[in-house]
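Residues per chain, in single letters:
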Amino acid sequence: MLFLAVTLPSARAQSWSTLNSGLDTNLRGISAAKIPSTESIVIWASGSHGVILRSLDGGVTWSHLSVPGQPELDFRGIVAFNDKAAYLMSSGAGNKSRIYKTIDGGATWDLQYTDVNNALFLDSIACSSATSCFALGDPMNGKFLILQTTDGRRWNPLPPQNLPTALDKEGAFAASNSNLLVESENELLIVTGGLAARALHTTDGGKSWTASPVPIAADNATSGIFAIAHVDNGRLIAVGGNYANAGIALRVAAFSDDHAKTWQSPAQQPAGYRSSVVPLDAQMLVTAGPNGSDISRDAGLHWTPFSSLALNALFKLDAQHIYAAGPKATIAQFISTASKE
């Protein structure tokens, strides 16, 4: 008698492994990089009450950094390049919105941008290199503020004629440092919220913009798009919802296959408001928010919950190093383990 050995396909179980927690801060900035001298992973995180955290060993141990004399700034964005160099962005009205940079591992911080104009409110910061970066701010005089540095030191607004016009009661959310996607020095994507949910796109450094509506909830000041990411297969993914009603799983995610010209809703939505999203590869994506996380195995067409851990922001260094940050100084690493079905 002939017996055939059948190998069952392996499934994968997803979870978050907590690397840090317990401080009185709500972390919204997370970034990681390779340390050139050791090839170890450095992780930077930032949040409320002036908190900046850094690990030089992939999250095993943490040091608490600070900007001298600024204990109450709300650091909602951080972009790291190695263990020494990082940009840090705070959010708040007027001069509470600031951009700092360190090149000595946080021992000193250079204040590179702020303004006393109370209309200033920075939402996110993103870079294409260590010297080429952009920052997004809420609309001022009817146009979204976009700052740029091309030398890693001086920040200037794009010329007024190059700034995208905001609709009435349209804004941006400083929830996870992920509503500004920098594809190159000339190509930017911005996602908006409030009473409009749109994707704003430029390929010529802001000289011209296109705008497309996105089918994500934009019914009031607490709803809209909170994050955008570029999947390896060319698809764009946007997530959001209503942060005041985080459990509502309607109009939370959308995707575009024509680089933001048109958007579609997935067949199965995430399980509530989501503030950040990252691709693991061309098919697998992770999104997270205050009531949990979801995974998609088909590039955002269907989403399945896998964790109830409260999180705000996600960062992908590579497929093996996905990090998250959230309330109470929570920092976690995404774990995917094989299991037989």
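Reading the values: rules and limits
Residues numbered from 1 in each chain as written. Predicted model: local features only at pLDDT ≥ 70, side-chain atom pairs only at ≥ 80, totals over all residues. Heavy atoms only, no water. Buried < 20%, exposed > 50% of the residue type's maximum accessible area, 1.4 Å probe, protein only. Helix = DSSP H or I, 4+ residues; strand = E, 2+ residues; numbered from the N terminus. Pairing = 2+ DSSP bridges. Disulfide = S-S within 2.5 Å. pLDDT = per-residue confidence, 0-100. Contact = heavy atoms within 4.5 Å.

Enquirer: How do you make sense of the pairing of strand 22 (residues 253-256) when you look at a structure like this?
Expert: Within a regular strand, side chains alternate between the sheet's two faces. The alternating pattern of strand 22 places A253 and F255 and A254 and S256 on opposite faces, both of which are buried. Two elements, strand 21 (residues 236-242) and strand 22, share 4 bridges in a ladder whose sense is antiparallel. Bridging across to strand 22, L236 finds its partner in S256.

Enquirer: How should the state of the cysteines be read in this particular structure?
Expert: Two cysteines, two sulfur atoms, one covalent bond between them: this is a disulfide. Summed over the entire model, instances satisfying the criterion amount to 1 disulfide. Bridging C127 to C133, the disulfide has an S-S length of 2.1 Å. One quick way to see it: the torsion about the S-S bond of C127 and C133 is about 100 degrees, and its sign makes the bridge right-handed.

Enquirer: Where do I start with the confidence of the model for the protein in this structure?
Expert: Detailed reading of predicted coordinates is not advised where the pLDDT is low. Per-residue confidence for the protein gives a mean pLDDT of 94; residues scoring 70 or more make up 96%. Scored below 50 in pLDDT, residues 1-10 shows 5 contacts in the model against residues more than four places distant or in partner chains.

Enquirer: Is there a simple way to think about unusual backbone geometry in this case?
Expert: Among all residues except glycine, the phi angle is most often negative; among peptide bonds, the trans geometry is most common. Although it is not a glycine, N141 sits at a positive phi angle of roughly 55 degrees. Residue position: N141 is located in the loop between strand 11 (133-140) and strand 12 (143-149). Even without being glycine, A260 reaches a positive phi, approximately 80 degrees. Mapped onto the elements of the fold, A260 is located in the loop between strand 22 and strand 23 (276-279).

Enquirer: How should I be thinking about the environment of Y323 in this particular structure?
Expert: Turning to its location among the elements, Y323 is positioned in strand 28 (residues 321-325). Along the chain, Y323 and Q333 lie 10 residues apart, while their C-alpha atoms are 4.6 Å from each other. Beyond its immediate sequence surroundings of up to four residues, Y323 is in contact with W16, L19, I30, A32, I41, I43, A313, L314, F315, A332 and Q333.

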